[in-house]
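Spelled out, the chains give:
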Amino acid sequence: MASRLIQSRFSLSRLHLTAGNKNGRFLSTESNKVDEPFKVEEAETVNVPPPPSEKLLVLGGNGFVGSHICREALNRGLDVASLSRSGGSSLHDSWAKNVTWHKGNLLSSESWKEALDGVTSVISCIGGFGSNSYMYKINGTANINAIRAAAEKGVKRFVYISAADFGVANYLLKGYYEGKRAAETELLTKFPYGGVILRPGFIHGTRSVGSIKLPLGVIGSPLEMVLQHAKPLNQIPLVGPLFTPPVNVTAVAKVAVRAATDPVFPPGIVDVYGIQRYNQQMSR
Ligand SMILES: NC(=O)c1ccc[n+]([C@@H]2O[C@H](COP(=O)([O-])OP(=O)(O)OC[C@H]3O[C@@H](n4cnc5c(N)ncnc54)[C@H](OP(=O)(O)O)[C@@H]3O)[C@@H](O)[C@H]2O)c1
């Protein structure tokens with residue numbers, strides 16, 4: 001009973017403080033204010049401003065990583081939109097109905113920029129493989145276009161899903177890595193305070209291909225368990241990066257959404273060990 005009394009006094013003082021703030025008069029929580037009788041009529045007329053609205057745009061929200069990011073952001077109560085070339089999601093899951101789907105190609109025309117209107121943060125999952133020149137365009141140029149447009153539109157935070165170095169494999173996928181690093185440089189220049197780069201290695205989880213669900217975790221999970229304790233191997237020149245532990249797609253999604261919405265999340269590069277650490281902190 002005593003604790004109930006304390007609780008009700010606490011909420012009365014908070015109500016009083018809110019009403020006072022509105023009139024610009026009461027900024028103290030003096031005990032005599034708490035003891036004043038509670039007037040319901042006054043409390044009802046207080047105009048409480050709506051909570052600040054966060055609108056997240058996921059570039060590539062219909063892809064493997066992007067779809068998990070959309071779902072995580074919806075679970076956190078955010079207003080979520082996606083932009084991709086195919087627009088509407090091919091995903092049949094019920095959460096997909098709560099995403100606003102925009103259609104646009106980051107490598108052509110300017111019309112896709114409208115999707116950035118009113119957006120407070122962006123997470124880019126745009127990337128892919130092909131010839132070296134295609135890989136540079138999709139991993140680099142497309143993201144650089146998005147970063148520049150977002151900065152022009154006053155977006156506060158921008159998270160880019162990049163990739164860890166793969167040592168010798170970097171030479172075989174030159175366009176992929178050069179594109180990734182060019183986009184990273186642009187992000188750190190245009191978003192020095194709100195730009196975050198996630199560099200996962202292999203990402204495992206359930207990937208939807210049409211109506212088929214591919215359980216990539218069957219290989220990824222055990223590998224992650226083993227390799228997360230083998231960090232020194234990662235330092236071996238050239239082949240070391242091949243020992244980078246895989247990471248679960250839900251961990252990447254959680255950390256990406258947090259980085260996009262938490263104003264005190266530090267800007268800069270988060271490697272795979274950082275992704276695992278942030279994910280563990282958030283799961284506690
Ligand atoms: N999967 C992994 O193991 C892994 C590991 C490390 C890093 N990454 C990085 O993580 C990111 C996401 O990977 P993912 O596996 O989720 O790839 P994904 O499934 O292929 O998704 C790529 C997304 O980009 C969209 N897209 C491609 N080109 C576009 C363009 N020009 N304009 C607009 N949208 C475009 C695609 O949608 P449309 O086809 O409809 O346009 C799709 O939604 C990539 O940057 C990748 O390099 C992935």
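Everything discussed here concerns the structure shown above.
Since this is a predicted model, take the numbers as computed values, not measurements.

S.K.: Quick one: what's the story with the pairing of strand S5 (residues 157–161), residue by residue and with numbers?
M.R.: Among the 5 residues in S5, 5 count as buried, and that is most of the element. Burial of the side chains of S5 extends over both faces: Arg-157, Val-159 and Ile-161 are buried on one face and Phe-158 and Tyr-160 on the other. As judged from the 4 bridges shared by strand S4 (residues 121–124) and S5, these two strands associate in the parallel manner. Looking across to S5, one finds that Ile-123 is bridged to Val-159. In this region the chain leaves S4, passes through helix H5 (residues 132–152) and returns to the parallel neighbour S5; the handedness of that crossover is right-handed. Judged from the 4 bridges that link them, S5 and strand S6 (residues 195–199) form a sheet pairing that is parallel. Bridge pairing links Ile-161 to Leu-198 in S6.

S.K.: An account of the packing of helix H4 (residues 64–75) against helix H9 (residues 249–261) is requested, with residue identities and associated values reported.
M.R.: The contact between H4 and H9 brings their axes to 8 Å, and the two run at 55°. If you check the angle between H4 and H9, you find them oblique. Along this stretch, H4 crosses H9, giving a crossing that reads as right-handed. Facing H4, whose interface residues are Phe-64, Val-65, His-68, Ile-69, Glu-72 and Ala-73, H9 presents Val-249, Thr-250, Val-252, Ala-253, Lys-254, Ala-256 and Val-257.

S.K.: Kindly report on the site of the ligand, identifying the contributing residues and their values.
M.R.: Neighbouring residues of the ligand: 23 residues in total, closest Gly-60, Gly-63, Arg-85, Ser-86 and Gly-127. If you list the elements that add at least two residues to the shell around the ligand, you get H4 and H5. Residue contributions to the shell around the ligand peak at 3 residues, all from H4. Its residues assigned to classes, the shell around the ligand shows 13 nonpolar, 9 polar and 1 charged.

S.K.: Explain the sheet that holds strand S1 (residues 55–59) residue by residue, including any values.
M.R.: One open sheet accounts for 7 strands, arranged S3-S2-S1-S4-S5-S6-S11; its pairing is parallel. In the strand order of this sheet, the two ends are held by strand S3 (100–103) and strand S11 (268–271), each with one partner. Averaged over all pairs of adjacent strands, the angle between their axes in this sheet comes to 20°, without regard to strand direction.

What counts and how
Counting restarts for each chain, with residues numbered from 1 along the sequence as it is written. Residues qualify for local features only when their pLDDT is at least 70, as the model is predicted, and side-chain atom pairs are given and counted only at 80 or more; totals for whole chains, interfaces and linings, by contrast, use all residues. Partly exposed residues are those whose C-beta has more than 12 but fewer than 20 other C-beta atoms within 10 Å; 20 or more makes a residue buried and 12 or fewer makes it exposed, with C-beta atoms placed from the backbone. Strands are runs of DSSP state E lasting at least two residues, helices are runs of H or I lasting at least four, and both sets are numbered from the N terminus onward. Two strands are counted as paired when DSSP detects at least two bridges linking them. With its strands directed away from the observer, a crossover is right-handed exactly when the path from the first strand over the helix to the second travels clockwise. Between N-to-C directions, angles span 0 to 180 degrees; the directions come from axes that are lines fitted to C-alpha atoms, helices contributing only their stretch in contact. Note on angle classes: values under 35 degrees are labelled roughly parallel, values over 145 roughly antiparallel, values of 65 to 115 roughly perpendicular, and the remainder oblique. In this scheme the crossing of two helices becomes right-handed for a clockwise turn of the near helix relative to the far one and left-handed for an anticlockwise turn of less than a right angle. Contacts here follow a simple rule: the backbone-placed C-beta atoms of the two residues must lie within 7 Å. Working rule for contacts: place C-beta from the backbone, and if it is within 6 Å of a molecule or strand, that residue counts as near it. Three categories are distinguished: nonpolar for Ala, Val, Leu, Ile, Met, Phe, Trp, Tyr, Cys and Pro, charged for Asp, Glu, Lys and Arg, and polar for the others, with Gly belonging to the last.

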